[in-house]
Amino acid sequence: MTTTSPELSRDTAATAETSVPSRSASKLRIEEALLPSLVALLVAAIVGDVLILIFGQSPATVFKLLLEGTWGNSYGFGQVLYKATTLTFTGLSIAFALRAGLFNIGAESQLAAGGFVAATIGLLLPQGLPWIVTLPVYIAAAALGGGIVGGVAGELKARFGAHEVITTIMLNFIVLALLSYLTAAHLKVPETLHTEEVRSGAVPRLADFLPSFHGSAANVVLVLAVLACLGAWWYLFHTRRGFELRAVGLQPEAAEYGGVRPGAVWTRAMTISGAIAGIGGLNFVLGYKHYYEEGFAGGAGFLGIAVALVGGTHPLGVMLAALLFATISQGGLAVNAMVPKQFVEVLQAVVIIAVAVSVPEVRGLLRSQRRRD
Amino acid sequence: MAALLFLAQTLRIAIPYLFAAAGGVVTERVGLIGLTLEGYMLGGAFAAALGSYYGHSAWLGVLAGIGGGAALALLYGVSAIRFRADQVVIGIAINLLAIGLTRFFLRLAFGSSSNSPRVAGFGAEQAGSGFLALVSNPMIWLGLLAIPVVAWLLYRTPFGLRIRAVGEHPAAAISVGVPITRIRYGAVLLSGILAGLGGVYLVLDQHQFTDQMTAGRGFIALAATIFGRWDPMRVGIACLLFAAAETLQIQLQGAQLVPSQFVEMIPYVLTIVALAGVVGRAVPPAALGKVAGE
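Residues numbered from 1 in each chain as written. Chains lettered and ligands numbered in written order. Predicted model: local features only at pLDDT ≥ 70, side-chain atom pairs only at ≥ 80, totals over all residues. Heavy atoms only, no water.

Chemist: What is the right way to look at a nonpolar patch on the surface in this model?
Modeler: All names here are of chain A. Nonpolar side chains collect at one region of the surface, where Val223, Val226, Leu227, Leu230, Trp233, Trp234 and Leu316 lie side by side and expose about 630 Å² of accessible area between them. Considering each element in turn, the nonpolar patch owes the most residues, six residues, to helix H9 (residues 221-238). Inspection of the secondary structure assignment puts leucine 227 in helix H9. (Patch = residues over 30% accessible without salt bridge, like charges linked within 9 Å, V, L, I, M, F, W, Y side chains within 5 Å. Areas by Shrake-Rupley, 256 points an atom, 1.4 Å probe, with all protein chains shown as cover. Salt bridge = Lys/Arg side-chain N within 4 Å of Asp/Glu carboxyl O. Helix = DSSP H or I, 4+ residues; strand = E, 2+ residues; numbered from the N terminus.)

Have a look at this one:
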């Protein structure tokens with residue numbers, strides 16, 4: 001067949017672009033990844049302006065104050081880094097699962113479970129051990145807590161075909177209720193919602209090295225977040241297992257035909273995804289409060305969905321997106337005197353909707369423009 | 001007497017589930033994932049508080065609540081149908097948006113970050129909390145009708161037949177001339193109105209709006225939709241079952257037999273059990289979640 005119907009030429013163009021990465025194809029990929037995020041930010045800025053105007057303030061003043069309170073001084077920036085650490089873990093967790101074609105809505109409870117198991121193990125450790133010795137134990141404990149929760153959802157899908165979106169949402173409720181029961185019935189300090197303080201292995205804060213960060217919660221777990229992103233990037237793009245995972249994510253039937261068992265990949269991907277989110281719990285338990293507290297996840301699991309999407313499900317993009325969302329979140333506190341901080345919650349939701357809407361739209365536009373060229 | 005009280009309490013708790021799950025059946029039967037029910041309920045609840053407070057009338061609250069649920073449903077519809085955005089992502093975002101917007105406007109309209117002032121409800125004041133209060137509250141009657149009406153709609157009307165066709169096989173529906181886009185918008189708006197009414201019930205029953213007052217009820221309704229295998233009558237029974245478990249928990253609270261957290265888990269555990277096929281295969285509408293795929 002040598003006819004050149006538009007249908008056929010489009011197909012060959014699409015194949016060329018995925019198999020042989022030519023220069024224009026990689027340019028297209030970058031455009032596809034960046035443009036939706038830019039569109040989303042523009043839409044969020046406009047919605048933000050409208051909300052600020054409704055509240056009778058000047059958008060320019062509010063946004064200036066928001067920037068000054070976050071990137072404008074070391075304390076604010078330290079808080080941004082602290083929040084970005086948790087969001088990097090949950091965002092990476094969700095991005096990782098998405099690469100296997102799985103929607104992990106359970107990062108919220110996986111994060112909490114990781115923090116809970118780490119704190120419980122921490123209470124059993126002898127007092128006063130240095131963090132450099134105990135950190136591997138904590139990482140294993142947190143990964144175990146989150147990994148079990150994620151793995152259950154993966155196994156339910158692999159074995160019974162139960163859709164992971166629904167099971168992870170249901171597991172959120174089940175696990176948070178279970179943790180709430182365990183904390184309330186067995187572990188909590190009376191009159192509070194948290195466990196006793198863990199007296200072993202608290203990691204240094206950035207302020208210990210850089211005094212101008214004084215008072216901010218940013219801590220060494222930040223380094224773990226960067227390492228996790230690098231590790232995930234290496235695993236996904238430079239190992240056979242990672243290749244299998246992405247193959248299942250793109251086309252499970254084809255991967256199965258190629259000798260990969262999608263079920264095994266699903267279980268493994270969800271376990272690792274849950275473990276990543278779980279390790280994120282260390283940011284709070286080892287770096288900030290040094291105990292498990294009910295509700296410490298505070299929506300970071302759901303915001304991680306936005307982080308993963310805006311970051312183009314790429315580990316390095318996730319880090320940038322986490323910084324963005326941490327800035328919006330900390331910025332809300334900085335402007336609370338002028339506009340209720342809830343307006344940043346609206347902004348975050350608007351960014352997610354705008355990205356989700358503009359990704360297929362921008363992709364379609366770019367493709368059709370490319371066909372015309 | 002105790003049995004009657006139990007029944008009354010169960011009904012009371014079940015009404016918001018029945019409303020929202022009726023919406024859940026409609027939206028999922030047309031092929032759109034029902035993650036947004038929680039957001040519709042919250043939006044409907046807040047709008048009802050605004051309408052009832054500023055309009056000094058519970059009925060204006062009902063109307064406003066319908067508008068609130070429908071507005072969020074329209075946003076979901078446009079994103080998922082026109083722009084083919086991922087329904088899971090949009091669904092989560094609309095729930096976050098509903099929380100953010102209601103908090104923002106709670107501050108703006110009522111100057112509080114936790115709750116609205118007292119609003120008009122349906123005269124349960126004199127009636128107390130017994131059966132008289134139940135039968136004098138029109139929202140209870142509407143809630144009891146929600147599921148049967150949806151069952152009648154789905155199985156006895158042309159619109160319902162088209163909803164089911166679009167949810168099972170959109171391409172076939174197009175080939176016989178069904179305007180599938182219009183059917184989808186119709187169904188999504190109807191689900192927004194129904195779930196919004198669930199929120200309205202909460203506000204008018206408690207006479208005020210409180211921050212995040214839906215507290216996961218939309219997700220329980222989604223759980224009921226799945227546990228009832230997308231069949232209105234079974235879904236209604238699932239709602240009553242979940243409500244009965246909650247009532248039992250409330251009545252046993254003093255006895256401390258089972259920790260409340262374990263009762264909270266019941267709907268969610270049952271849903272996973274249903275999805276895992278332990279009580280018979282749960283087969284969702286074939287086109288669920290795939291608007292782009294016709």
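Chemist: For this particular structure, what's the right way to read the nonpolar core?
Modeler: In globular proteins that are soluble, nonpolar side chains generally tend to be buried together. If you look at the biggest cluster of nonpolar residues, it comprises 201 residues, and the most contacted ones within it are Leu282 and Phe343 of chain A together with Tyr76, Met139, Val203 and Phe209 of chain B. Examining the composition of this core, we find that 13 residues originate from one element, helix H16 (residues 342-372) of chain A, more than from any other. If sequence neighbours within four positions are ignored, phenylalanine 343 of chain A has contacts with Gly48, Leu51, Ile52, Val62, Leu66 and Val335 of chain A together with Phe104 of chain B. (Core = buried A, V, L, I, M, F, W, Y, C linked by side-chain atoms within 4.5 Å. Buried < 20%, exposed > 50% of the residue type's maximum accessible area, 1.4 Å probe, protein only. Contact = heavy atoms within 4.5 Å.)

Chemist: Is there a simple way to think about the pattern of salt bridges in this case?
Modeler: Opposite charge on two side chains permits pairing when their charged atoms draw close. Under the defined criterion, the tally for this structure stands at eight salt bridges over all chains. Between lysine 64 of chain A and glutamate 68 of chain A there is a salt bridge whose closest N-O contact spans 3.5 Å. Separated by four residues within a single helix, lysine 64 of chain A and glutamate 68 of chain A lie in helix H3 (residues 59-68), roughly one turn from each other. The residue arginine 103 of chain B makes a salt bridge to glutamate 345 of chain A at a minimum N-O spacing of 2.7 Å. Remark: glutamate 345 of chain A occurs in helix H16 and arginine 103 of chain B occurs in helix H4 (residues 87-110); the pair is interchain, linking two chains. One salt-bridge network, in which partners are shared between bridges, spans Glu345 of chain A together with Arg103 and Asp211 of chain B.

Chemist: Any chance you could explain the confidence of the model for chain B here in plain terms?
Modeler: Parts of the model with low pLDDT should not have their predicted coordinates read in detail. All names here are of chain B. For chain B, mean pLDDT is 90; residues scoring 70 or higher make up 93% of the total. Of all secondary-structure elements in chain B, the lowest mean pLDDT belongs to helix H5 (residues 131-135), at 70, while helix H2 (residues 37-55) reaches the highest, 97. Across the whole predicted complex the pTM is 0.89, and at the interface the ipTM reaches 0.90. (pLDDT = per-residue confidence, 0-100.)

Chemist: So what exactly am I meant to see when it comes to the interface of chain A and chain B here?
Modeler: For an interface, size is often stated in terms of accessible area lost upon the parts coming together. Chain A puts 40 residues into the contact, and the matching count from chain B is 41 residues. Connecting chain A to chain B are two salt bridges. A salt bridge links glutamate 361 of chain A to arginine 82 of chain B; the nearest nitrogen and oxygen atoms lie 3.4 Å apart. At the boundary of chain A with chain B, the tally comes to three residue pairs in polar contact (both at pLDDT 80 or more). At 13 residues, helix H7 (residues 164-187) of chain A tops the list of elements feeding residues into the side of chain A that touches chain B. Of the residues contributing to the side of chain A that touches chain B, the split by class is 33 nonpolar, five polar and two charged. (Polar contact = N/O pair within 3.5 Å; in protein donor to acceptor, adjacent residues only side chain to side chain. Nonpolar A, V, L, I, M, F, W, Y, C, P; charged D, E, K, R; others polar.)

Chemist: Please explain H9 of chain A as it appears in this structure.
Modeler: Residues lying three or four places apart along an α-helix face the same way, a consequence of the helix completing one turn every 3.6 residues. Residues and elements named next belong to chain A. Compared with an ideal rise of 1.5 Å per residue, which puts 18 residues at 26 Å, H9 spans 25 Å between its outermost C-alpha atoms and is within 8% of the ideal. When we look at burial in H9, the residues that qualify are Val221, Leu222, Leu224, Ala225, Cys229, Ala232, Tyr235 and Leu236. Down the axis of H9, the sector holding all buried residues measures 150 degrees, keeping them to one side. (Expected span 1.5 Å × (residues − 1). Arc of directions from axis to C-beta.)

Chemist: Can you help me understand the packing of aromatic side chains in this one?
Modeler: How two aromatic rings sit relative to each other is set out by the distance from centre to centre and by the angle between their planes. Taken as a whole and judged by the stated rule, the model has 20 aromatic pairs over all chains. Measuring from centroid to centroid gives 5.0 Å for tyrosine 53 of chain B and tyrosine 54 of chain B, while their planes differ by 90 degrees, and the two rings are edge-to-face. Exposure remark for tyrosine 53 of chain B: the relative accessible area of 31% places this residue in the partly exposed category. Of the residues examined, tyrosine 54 of chain B reaches a relative accessible area of 49% and is grouped as partly exposed. Centre to centre, the rings of tyrosine 54 of chain B and phenylalanine 110 of chain B are 6.1 Å apart; their planes meet at 10 degrees, and the pair counts as stacked. Taken as a pair, tyrosine 54 of chain B in helix H2 and phenylalanine 110 of chain B in helix H4 lie far apart in primary sequence, 56 residues in all. Assessed through its relative accessible area of 15%, phenylalanine 110 of chain B is described here as buried. An aromatic cluster of at least three residues, connected via ring pairs, comprises Tyr82, Phe116, Phe284, Tyr288, Tyr291, Tyr292 and Phe296 of chain A. Taking NZ or CZ as reference, lysine 157 of chain A lies 4.8 Å from the ring centre of tryptophan 266 of chain A, over its face. In this structure, arginine 82 of chain B packs its charged tip against the face of phenylalanine 83 of chain B, placed 4.4 Å from the ring centre. (Phe/Tyr/Trp six-rings, centres within 6.5 Å; stacked < 30°, edge-to-face > 60°. Lys NZ or Arg CZ within 6 Å of the ring centre and 35° of its normal.)

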